[in-house]
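Survey of secondary and tertiary structure
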Amino acid sequence: MIRRFRPSDLERVKEITLLGFEGVSIDHGMEKRFGVIAGKDWKWRKARSLDDDVEANSDGVFVYEADGAVVGYITTRLDAESAIGWIPNIAIDPGHQGRGIGRALMQAALDYLRASGMRYAKIETLEQNQKGQAFYPSVGFQEVARQIHYLMRL
Ligand SMILES: CC(C)(COP(=O)(O)OP(=O)(O)OC[C@H]1O[C@@H](n2cnc3c(N)ncnc32)[C@H](O)[C@@H]1OP(=O)(O)O)[C@@H](O)C(=O)NCCC(=O)NCCS
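Bear in mind the structure is a predicted one, so any value in this text is a computation, not a measurement. (Residues numbered from 1 in each chain as written. Predicted model: local features only at pLDDT ≥ 70, side-chain atom pairs only at ≥ 80, totals over all residues.)

Secondary structure summary: the protein contains five helices and six strands in total. Shown N-terminal to C-terminal, the secondary structure of the protein runs as helices and strands in the order β-α-α-α-β-β-β-β-α-β-α. Over its C-alpha trace the protein gives a radius of gyration of 16 Å, about what one expects of a compact globule, namely 15 Å for 154 residues. Dimensions of the protein along its principal axes, counting C-alpha atoms only, are 45 × 35 × 30 Å. Put simply, the protein has 154 residues, and 27% of those count as buried. Within the protein, counting contacts between residues at least 6 apart in sequence, those at least 24 apart form 61% of the total. (Helix = DSSP H or I, 4+ residues; strand = E, 2+ residues; numbered from the N terminus. Rg over C-alpha atoms; globule rule 2.2 N^0.38 Å. Buried ≥ 20, exposed ≤ 12 C-beta atoms within 10 Å, placed from the backbone. Contact = placed C-beta atoms within 7 Å.)

Attention now goes to the site of the ligand. The ligand sits among 21 residues. The nearest are G20, Q97, G102, R103 and F135. At the level of secondary structure, the elements contributing two or more residues to the shell around the ligand comprise β5 (90-92), α4 (101-115) and α5 (130-139). With six residues, α5 is the single largest residue contributor to the shell around the ligand. (Near = placed C-beta within 6 Å.)

Moving on: unusual backbone geometry. For residues other than glycine, phi is negative in most cases, and the peptide bonds are mostly trans. Backbone geometry places A38, a non-glycine residue, at a positive phi of 55°. By the secondary structure assignment, A38 is in the loop between α2 (26-34) and α3 (42-57). Residues other than glycine seldom take positive phi values, yet D67 does so here, at roughly 50°. Turning to its location among the elements, D67 is positioned in the loop between β2 (62-66) and β3 (69-74).

Quick look at the environment of S82 now. Structurally, S82 can be placed in the loop between β3 and β4 (84-86). A C-alpha to C-alpha distance of 8.2 Å links S82 and M118, two positions 36 residues apart in sequence.

A word on the packing of α2 against α3. Following both chains from N to C, one finds α2 and α3 inclined at 165°, their axes separated by 9 Å at the closest point. Judged on the interaxial angle alone, α3 and α2 are roughly antiparallel. Crossing angle aside, the handedness with which α2 passes α3 is right-handed. Residues D27, H28, M30 and E31 of α2 lie in contact with α3, whose contacting residues are W42, R45 and K46. Partitioning the contact of α2 with α3 into residue classes produces two nonpolar, one polar and four charged. (Axes fitted to C-alpha atoms, helices over the stretch in contact; angles between N-to-C directions. Parallel < 35°, antiparallel > 145°, perpendicular 65-115°, else oblique. Left-handed = near helix turned anticlockwise from the far one by under 90°. Nonpolar A, V, L, I, M, F, W, Y, C, P; charged D, E, K, R; others polar.)

To continue, consider helix α1 (residues 10-20). Taken as a whole, α1 has its buried residues at V13, K14, I16, T17 and G20. The arc enclosing the buried residues of α1, seen along the axis, measures out at 160°, which places them on a common side. Tucked into the core, α1 has its buried residues touching α3, β2, β3 and β5. (Arc of directions from axis to C-beta.)

Rendered as structure tokens:
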């Protein structure tokens, strides 16, 4: 069952994020090369991005509940001026992946973006994320650019 996010979901959503994004997040890649930065690990930085999503648009955060427990979520942002919506984060608990939950959440998010007046939706994935690269084109996204992320010690 898909429902709107509630503030009490936040800790579970962060937990799913950290399980799901292991190895497929920019912050984790930074840590693998440079180690923990300023006493903060990749999990701290990645979890913080969920605070940002909820603060920016909690009405556009959806969770998937199975047997009364949250097992996946998706976040969205609206940009009324450009009419381009954004999906910053989606993750499913690894024990529930591969069963259509991500696809169902994606459809809910796209419906929400359409109903909110967005004309386009954008999303990013990493080169090392094979699931994302299979998933997003299958929903209708078309690749428009590739980016390289750099980091240096100061
Ligand atoms: C990517 C993710 C959200 C997909 O959710 P899911 O519930 O596992 O996926 P679904 O079962 O709905 O499948 C959707 C599509 O994802 C792709 N996919 C799912 N599992 C896959 C796998 N093991 N290998 C390759 N592609 C896969 C397929 O295209 C699949 O469509 P299909 O079943 O018609 O072939 C989920 O695997 C996840 O949380 N991954 C870790 C976090 C992450 O990478 N988030 C996205 C960052 S850009």
